[in-house]
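# Residue-level structural notes
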Amino acid sequence: MYFCKRRTALRLCFMMHVYSDNNLLIADIRNGKHEAYEYLFATYYPRLHNYALRFLADGDAVGDIIQDCFMKLWEKRGELILQSVDALLFRMVRNQCLN
């Protein structure tokens, strides 16, 4: 189990180096690269989860909302025209929590 966590951490560390440029990350997601999407999920999920808990007390509902937002992002990845993917994700999560 420790090996898996360490291996994942090393992989994430490598991906962080590759996707330090937001424009490259957006372009790779738009092109359907799974590595970029995995990086996005691994990087933003914890922050989005803590943010959504400010609106909802139910952790399971928060997880479902965040997963739904990531699915919508992936489904509409070809239509992405933005500079900041984090602003989009936080706005999507906030709107879903308020609905």
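You'll find the structure just up there.
A brief look at the structure comes next. (Residues numbered from 1 in each chain as written. Predicted model: local features only at pLDDT ≥ 70, side-chain atom pairs only at ≥ 80, totals over all residues. Heavy atoms only, no water.)

### Comments concerning the state of the cysteines
The condition is simple: Cysteine sulfur pairs qualify as disulfides if the two atoms are within 2.5 Å. Three labels apply to residues, based on accessible area from a 1.4 Å probe with only protein chains included: buried if under 20% of the type maximum, exposed if over 50%, partly exposed otherwise in between.
Within this structure, the stated rule accounts for zero disulfides. Cys 69 forms no disulfide, and the closest cysteine sulfur to it belongs to Cys 97, at a distance of 7.6 Å. Relative accessible area serves as the criterion here: at 1%, Cys 69 is assigned to the buried category.

### Section: helix 5 (residues 85-98)
How we decide: Only DSSP runs of H or I covering at least 4 residues are called helices, and only runs of E covering at least 2 are called strands; the numbering of each starts at the N terminus. How far a helix is expected to stretch is found by multiplying one less than its residue total by 1.5 Å.
Helix length check: helix 5 (14 residues) gives 20 Å between terminal C-alpha atoms against 20 Å at 1.5 Å per residue, within 8%. Along helix 5, the residues classified as buried are Val 85, Leu 88, Leu 89, Phe 90, Met 92, Val 93 and Cys 97.

### Focus: the packing of helix 3 (residues 34-52) against helix 5
To be explicit about the condition: Only the stretch in contact is used when a helix axis is fitted, and all axes are lines through C-alpha atoms; the angle between N-to-C directions ranges over 0 to 180 degrees. Roughly parallel covers angles under 35 degrees, roughly antiparallel covers those over 145, roughly perpendicular covers 65 to 115, and oblique covers all other angles. By the definition used in this description, the sense in which the near helix is turned from the far one sets the handedness, with an anticlockwise turn below a right angle giving left-handed and a clockwise turn giving right-handed. Any two residues having at least one pair of non-hydrogen atoms within 4.5 Å are treated as being in contact.
In contact at an axis separation of 10 Å, helix 3 and helix 5 are set at 40° when each is read in the N-to-C sense. Taken together, the axis directions place helix 3 and helix 5 in an arrangement best described as oblique. Considering only the axes of helix 3 and helix 5, their crossing is right-handed. Between helix 3, through Leu 40, Tyr 44, Arg 47, Leu 48, Tyr 51 and Ala 52, and helix 5, the contact on the second element is made entirely by Val 85, Asp 86, Leu 89, Phe 90, Val 93, Arg 94 and Cys 97.

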